[in-house]
Amino acid sequence: MLDLPTIPDLRRWTRGHRAAGRRVGLVPTMGYLHAGHLALVDEARRRADVVVMSIFVNPLQFGTGEDLGQYPRDLPRDRTLAEGKGVDALFVPSEVMMYPQGSEVRIAPGPAAARWEGAVRPGHFDGVLTVVAKLFNLVEPDVVCFGRKDIQQATLVRQMIRDLDWPIEIAVVRTVREPDGLALSSRNTYLESEERQSALGLSGALQLAHQAWRGGETGAAAIEAGMRRSLETFPALTVDYIAIADPGDLAPVARVDANTIVAIAGRLGRTRLIDNITLGDGLG
Ligand code: PAF
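Report follows, based on the coordinates. (Residues numbered from 1 in each chain as written. Predicted model: local features only at pLDDT ≥ 70, side-chain atom pairs only at ≥ 80, totals over all residues. Heavy atoms only, no water.)

### Focus on the overall build of the protein
Of regular secondary structure, the protein possesses 9 helices and 9 strands. For a compact globule of 284 residues, the expected C-alpha radius of gyration is about 19 Å, and the protein comes in at 19 Å, within 12% of that figure. Taken along its principal axes, the extent of the C-alpha atoms in the protein is 55 × 35 × 35 Å. By element, 50% of the accessible surface of the protein is carried by carbon and sulfur atoms, the whole surface being about 12,800 Å². Between the mean site of the 32 positive side-chain charges and the mean site of the 35 negative ones, the protein shows a separation of 2 Å. (Helix = DSSP H or I, 4+ residues; strand = E, 2+ residues; numbered from the N terminus. Rg over C-alpha atoms; globule rule 2.2 N^0.38 Å. Areas by Shrake-Rupley, 256 points an atom, 1.4 Å probe, with all protein chains shown as cover. Lys, Arg positive; Asp, Glu negative; His and termini not counted. Charge placed at Lys NZ, Arg CZ, Asp CG, Glu CD.)

### Here we look at the nonpolar core
Ranked by internal contacts, the top residues of the largest apolar core, which has 45 residues, are Val-52, Trp-116 and Phe-136. Residues contacting Trp-116, with those up to four places away along its chain left out, are Ile-151, Gln-152, Tyr-241, Ala-243, Ala-245, Leu-250, Ile-261 and Ala-263. The next biggest cluster of nonpolar side chains, apart from the first, holds 23 residues, and it includes Leu-182, Ala-209, Leu-273 and Ile-277. (Core = buried A, V, L, I, M, F, W, Y, C linked by side-chain atoms within 4.5 Å. Buried < 20%, exposed > 50% of the residue type's maximum accessible area, 1.4 Å probe, protein only. Contact = heavy atoms within 4.5 Å.)

### Things to note about the pairing of strand E6 (residues 169-173)
Direction of pairing for strand E5 (residues 143-147) relative to E6: parallel, over a ladder of 5 bridges. Following the sheet pairing, Phe-146 is matched in E6 by Val-172. In terms of handedness, the path from E5 via helix H7 (residues 151-163) over to E6 forms a crossover that is right-handed. (Pairing = 2+ DSSP bridges. Right-handed = clockwise from strand over helix to strand, strands pointing away.)

### A word on the packing of aromatic side chains
Working definition: an aromatic ring pair is given by the centre-to-centre distance plus the angle between the planes. Across all of its chains, the model carries 4 aromatic pairs by this definition. Measuring from centroid to centroid gives 6.0 Å for Phe-56 and Tyr-99, while their planes differ by 50°, and the two rings are tilted. Placement of the pair is Phe-56 in the loop between strand E3 (50-55) and helix H3 (75-85) and Tyr-99 in the loop between helix H4 (95-98) and helix H5 (116-120), with a sequence separation of 43 residues. A single burial state applies to Phe-56 and to Tyr-99, both of which are buried. Sitting over the ring of Tyr-32, Arg-77 keeps its end group 5.3 Å from the ring centre. For Arg-270, the ring lying beneath its charged end belongs to Tyr-190, and the centroid distance is 4.9 Å. (Phe/Tyr/Trp six-rings, centres within 6.5 Å; stacked < 30°, edge-to-face > 60°. Lys NZ or Arg CZ within 6 Å of the ring centre and 35° of its normal.)

### Quick notes on the side chain of Thr-278
Along the chain, Thr-278 turns up in strand E9 (residues 271-278). Among the residues examined, Thr-278 registers a relative accessible area of 12% and is labelled buried. Look past the residues within four positions of Thr-278 in its chain and what remains in contact with it is Arg-148, Ala-258, Asn-259, Thr-260 and Ile-261.

### Structural notes on the sheet that holds strand E8 (residues 261-268)
Pairing in this open sheet of 3 strands is antiparallel, and the strands run E7-E8-E9 from one edge to the other. Two strands bound the open sheet, and with one partner strand each, they are strand E7 (238-245) and E9. On average, each strand axis in the sheet is inclined to that of its neighbour by 10°, with strand direction left out of account. As judged from the 8 bridges shared by E8 and E9, these two strands associate in the antiparallel manner. Each bridged residue has a counterpart across the sheet, and for Arg-267 the counterpart in E9 is Arg-272. Lying on the sheet, helix H9 (residues 220-231) is in contact with E7 and E8; it crosses E7 at an angle near 155°. (Axes fitted to C-alpha atoms, helices over the stretch in contact; angles between N-to-C directions.)

### A look at the sheet that holds E5
The strand order across the open sheet formed by 6 strands is E1-E4-E3-E2-E5-E6, and the pairing between neighbours is parallel. The two strands at the open ends of the sheet, each matched to only one other strand, are strand E1 (2-3) and E6.

### Comments concerning the packing of helix H1 (residues 7-19) against helix H6 (residues 124-139)
Running from N to C, H1 and H6 point in directions that differ by 60°, and their axes come no closer than 8 Å. As judged from the angle between their axes, H1 and H6 are oblique. Note on element contacts: H6 touches H1 through Asn-137, Leu-138 and Val-139, opposite Ile-7, Leu-10, Arg-11 and Thr-14. Split into classes, the residues belonging to the contact of H1 with H6 amount to 4 nonpolar, 2 polar and 1 charged. (Parallel < 35°, antiparallel > 145°, perpendicular 65-115°, else oblique. Nonpolar A, V, L, I, M, F, W, Y, C, P; charged D, E, K, R; others polar.)

### Some points on the site of the ligand
Neighbouring residues of the ligand: Pro-28, Thr-29, Met-30, Asn-58, Gln-61, Val-131, Phe-146 and Gln-153. Take Gln-61: an N or O atom from its side chain is 2.6 Å from an oxygen atom of the ligand. Relative to its free-state accessible area of 290 Å², the ligand is covered by the protein chains to the extent of 88%. Partitioned by chemical class, the residues of the shell around the ligand number 4 nonpolar, 4 polar and no charged. (Near = heavy atom within 4 Å. Polar contact = N/O pair within 3.5 Å; in protein donor to acceptor, adjacent residues only side chain to side chain.)

### Some words on H6
Helix length check: H6, at 16 residues, gives a terminal C-alpha distance of 23 Å against a target of 22 Å (1.5 Å per residue), a fit within 8%. Among the 16 residues that make up H6, 13 are buried, leaving the element largely enclosed by the rest of the structure. Phi turns positive, to about 50°, at Glu-140, one or two residues after H6. (Expected span 1.5 Å × (residues − 1).)

Right, dumping it as structure tokens:
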């Protein structure tokens, strides 16, 4: 695996491959890799000839009082995992490389960013789209892979690609879960063992929504009420939101179908976790 220490190195690498007719795949990450990230690499390798992974904990997407300072980092381990999965090149920019003159300009996402995570974390998606846009400009990828767990992020990136006419294919890759249903997340590392048990309330509530739908329930309010009842048995878990929404624009729906998204976010102590399903698929 090649290290691309500077932006000119990255540009030379990516342009060389594209000039040779090879499709370039990009897997943007903030590191502390887990099997969910590695599934993105697998998908990128299926869709592209060469794959570059970026690792950058992007300060623009963290609000005041959020976990930027504590965000888990382990570059040697990430490097081994990425290489083991067949990543061809690794780009790990410093903050000063990415924002040498500071950062005045932001990409403003559309209205779907105001919901869910955007309501709880104001400015978060401006920061996400800004760094993603920069990475698109630097890498000029043919294909990018994003995780389904961050469905709102993936939806907003898809909208940005469409609205700004980037000739980029986006793949949204299914959530990888622990055997008991917990969605993998770098932030799971913050959980104490009792919190880890309570975190199962999130995937449990989603599974319940799936079962209710399979049992014939099509009312969003009834499904949400069932989820909230099940969450009462997890008093340590503070629910930020439950959203039952259209997969295109993430707007709430009153009646659900197989394509409806059910998303949930909650806090356990200082740890914030998110998860979602498509109703027809369940936990997948
Ligand atoms: O999903 C993430 O890890 C980040 O939001 C991303 C897409 C790498 C942008 O910093």
